[in-house]
Amino acid sequence: MFKTSKKEFVFELTFKIMYFVLVLISFNSIFAMQTYLTYISFFITVFGAVVVLNRLTHIKDYINKYTIVLFLFLSSYFISSIVMREYGIVENAKAMVWMTIQYFILFATDKNKSSLEIKKEMDIISIIFIIYTFICSIVGILMMFFNYGIYKIVNDVGIMAGFVDNRLWGVYSDPNYGAVFAVISIFLSIYYLKKLDKTILKTGLIANIIVEFLYICFSDSRTGKAAFICSAFVFVFIKLYREGKIAVNKKEFYFSGVKKLFICTFYGLVIASLIFVSIPATLKVANKIKVQDLNQVTGSIFIVNASTMDSNISISPNALYKMETVQVKLDNDNMQIGRDRDKIKSENFTSNRFGIWKSAYEIFKTTPVVGTTFRHINDYAVKNLPETFLAQPGSDFHSMHNFLVDIMVSQGSIGLLLIFAFITFALKDVLTKVKYIKDDDYRLYCFVFSSLTAILVSMMFYSEAFYMNTGGAFLFWTFLGYILNSFLVANKNEVK
């Protein structure tokens, strides 16, 4: 379709940027659930179809063990959708469209694509992401300062924003997603600090690192904290392991063998520990300067859901559903940043995840081969296992909050076997081929791999990457494609 690879590169990059912006704003409380996103999604779908059709004209450049497994995985979902067609077809068709885009546009990479083109693409995507997260975090922190929090209904879906329940949501529809974004933004900013020369740009990156760290702290996200700690450990470990040396006072100390493993692990744990203690310490300092004093701002607005209001607040339910702005008096004496840990432990430390996973296994046992499909887990549970946790009216869970459990329930044993094959191939390549990465590329590899680690950690506690059309899923498949199809592939064709 395209006469030159340059035109194809521009065409596909344009699509990726538009798709990235779509998935970012779809989980932004300002834009989320708005009707016009449906029209934008339709346009992106058509655009993506053209990209896929173009790639089919030289499909051999994209075929490898990973794309074959992903094609079989997608086919498995199609089979599950046919078997479970009584619960609906349209939603599963939509899911397959987004899966196709993620697997065969974001992840799949042309074998002839130069490393220069890949790095250029990554620079553009990363810069867009850094700017976006910086703006979101700044706006969020301002919301917290002015004690602005909302709960609104858009197209029958509740959306929170601002400072709610002692947590900073900001403009993200979920503070956990926002916190993981902040972690990735920090790593990417650190990478570009050394790459960029202009002082003003470096200053902006440093400011972003500070702002993102504050968002992680104020969001009080355990997922974000775990992602930050694990990513930092991985980064320090893989970077030191490759270098095999530590510089102290201009003196270099070299290490190898078992000593190398010990030192890399030790320093990784030191950095991880510093992050572990710095987040609660930051929260403690923030609360000591009496956030309630900062929040003595007249005219602060808090729109609440009438069904979850405190008894001292009076508001008409009709006002909420008409999305009217209602001003209420908040109890500033009890205002603090961060949830009550004793309360969390006493109520439900896992946020019902054990209940979800137990229910998922009960559903899996009734359809162990093909699963239920992701979009109709609850429908299946209500009809076939009315007593299970997910079928209860108050459970309000539409995903399993763990990517492996999601796959187990959605695609059964077939899906699990295929994804385990994919993971096995990936681990083998990472462990055996990482040593062949050029020194000039290894620094970038460390930052990309650490960013990917943050998403992988979040996937253990939240549904992400698989079946989800989110910014995190975009970054996961894009970064994974960079690693498996670029960094670990020797003898890439360079632009002459």
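Conventions we followed
- Residues numbered from 1 in each chain as written.
- Predicted model: local features only at pLDDT ≥ 70, side-chain atom pairs only at ≥ 80, totals over all residues.
- Heavy atoms only, no water.
- Helix = DSSP H or I, 4+ residues; strand = E, 2+ residues; numbered from the N terminus.
- Contact = heavy atoms within 4.5 Å.
- Areas by Shrake-Rupley, 256 points an atom, 1.4 Å probe, with all protein chains shown as cover.
- Core = buried A, V, L, I, M, F, W, Y, C linked by side-chain atoms within 4.5 Å.
- Buried < 20%, exposed > 50% of the residue type's maximum accessible area, 1.4 Å probe, protein only.
- 1 Å grid on protein atoms, 1.4 Å probe; cavity = no way out; pocket = protein on both sides within 12 Å on 5 of 7 lines; lining within 4 Å.
- Points joined across faces, edges and corners; volume = space filled by probe spheres on them.
- Nonpolar A, V, L, I, M, F, W, Y, C, P; charged D, E, K, R; others polar.
- Expected span 1.5 Å × (residues − 1).
- Polar contact = N/O pair within 3.5 Å; in protein donor to acceptor, adjacent residues only side chain to side chain.
- Phe/Tyr/Trp six-rings, centres within 6.5 Å; stacked < 30°, edge-to-face > 60°.
- Salt bridge = Lys/Arg side-chain N within 4 Å of Asp/Glu carboxyl O.

Draft legend 1. How the structure looks around the overall build of the chain. Of the regular secondary structure elements, the chain holds 17 helices and 6 strands. Of the contacts formed within the chain by residues at least 6 apart in sequence, a portion of 78% connects residues at least 24 apart. Accessible surface computed for the chain: about 24,300 Å², of which carbon and sulfur atoms make up 66%.

Draft legend 2. Expanded view of the nonpolar core. In this structure, Tyr19, Phe73, Ile184, Phe422, Phe466, Trp477 and Leu484 are the most contacted members of the largest nonpolar core, which totals 132 residues. The element contributing the most residues to this core is helix H6 (residues 175-195), with 12 residues. In contact with Phe466, other than residues within four places in its own chain, are Phe73, Tyr103, Phe403, Ile407, Ile419, Met459 and Trp477.

Draft legend 3. Representation of empty space enclosed by the protein in the model. Taken as a whole and judged by the stated rule, the model has 2 cavities of 30 Å³ or more. Considering the residues around the largest cavity, the lining is formed by Lys16, Leu106, Phe107, Thr109, Lys113, Ile118, Glu121, Thr478, Gly481 and Tyr482. Those elements that place two or more of their residues in the lining of the largest cavity are helix H4 (90-107), helix H5 (115-145) and helix H17 (471-487). For the lining of the largest cavity, the residue count by class is 4 nonpolar, 3 polar and 3 charged. The calculated volume of the second largest cavity comes to roughly 30 Å³. Lining the second largest cavity are Val23, Phe27, Tyr177, Phe181, Glu464, Thr470, Gly471 and Gly472.

Draft legend 4. View of the environment of Met33. Along the chain, Met33 turns up in the loop between helix H1 (5-26) and helix H2 (36-56). For the pair Met33 and Ile159, spaced 126 residues apart in sequence, the C-alpha to C-alpha distance is 8.9 Å.

Draft legend 5. Local environment of H6. The terminal C-alpha atoms of H6, which comprises 21 residues, lie 30 Å apart, in line with the 30 Å expected from a rise of 1.5 Å per residue. Two or three places before Asn176, at the opening of H6, Asp174 has a side-chain oxygen 2.7 Å from that residue's backbone nitrogen.

Draft legend 6. The layout of surface pockets, seen in detail. Here the second largest pocket is characterised by a volume of approximately 720 Å³. Forming the boundary of the second largest pocket are 27 residues, of which Ala426, Leu427, Val430, Tyr445 and Phe449 lie nearest the centre. Of all the secondary structure elements, the ones that give two or more residues to the lining of the second largest pocket are helix H8 (222-243), helix H15 (403-433), helix H16 (439-458) and H17. Of all the elements, H15 adds the most residues to the lining of the second largest pocket, at 8 residues.

Draft legend 7. Broad picture of H16. Across its 20 residues, H16 extends 29 Å between first and last C-alpha, which sits within 8% of the 28 Å expected from 1.5 Å per residue. H16 sits mainly inside the fold: 15 of its 20 residues count as buried.

Draft legend 8. Looking closely at the packing of aromatic side chains. Scanning the entire structure with this criterion turns up 47 aromatic pairs. With a centroid separation of 4.9 Å and an interplanar angle of 15°, the aromatic rings of Phe374 and Tyr467 are classed as stacked. Residue Phe374 is located in the loop between helix H13 (353-366) and helix H14 (377-384), and its partner Tyr467 is located in the loop between H16 and H17; the two are separated by 93 residues in the primary sequence. Taking the relative accessible area as the measure of exposure, Phe374 reaches 7% and is therefore buried.

Draft legend 9. Fine view of the pattern of salt bridges. Taken as a whole and judged by the stated rule, the model has 12 salt bridges. Salt-bridge contacts for Lys195 lead to Asp123; the nearest nitrogen and oxygen are separated by 2.9 Å. Of this pair, Lys195 sits in helix H6 while Asp123 is found in helix H5, placing the two residues 72 residues apart along the sequence. Residue Asp429 pairs with Lys433 through a salt bridge whose shortest N-O separation is 3.7 Å. Here Asp429 and its partner Lys433 are both found in helix H15, 4 residues apart, which amounts to about one turn of the helix. One salt-bridge network, held together by shared partners, links Lys16, Lys113 and Glu121.

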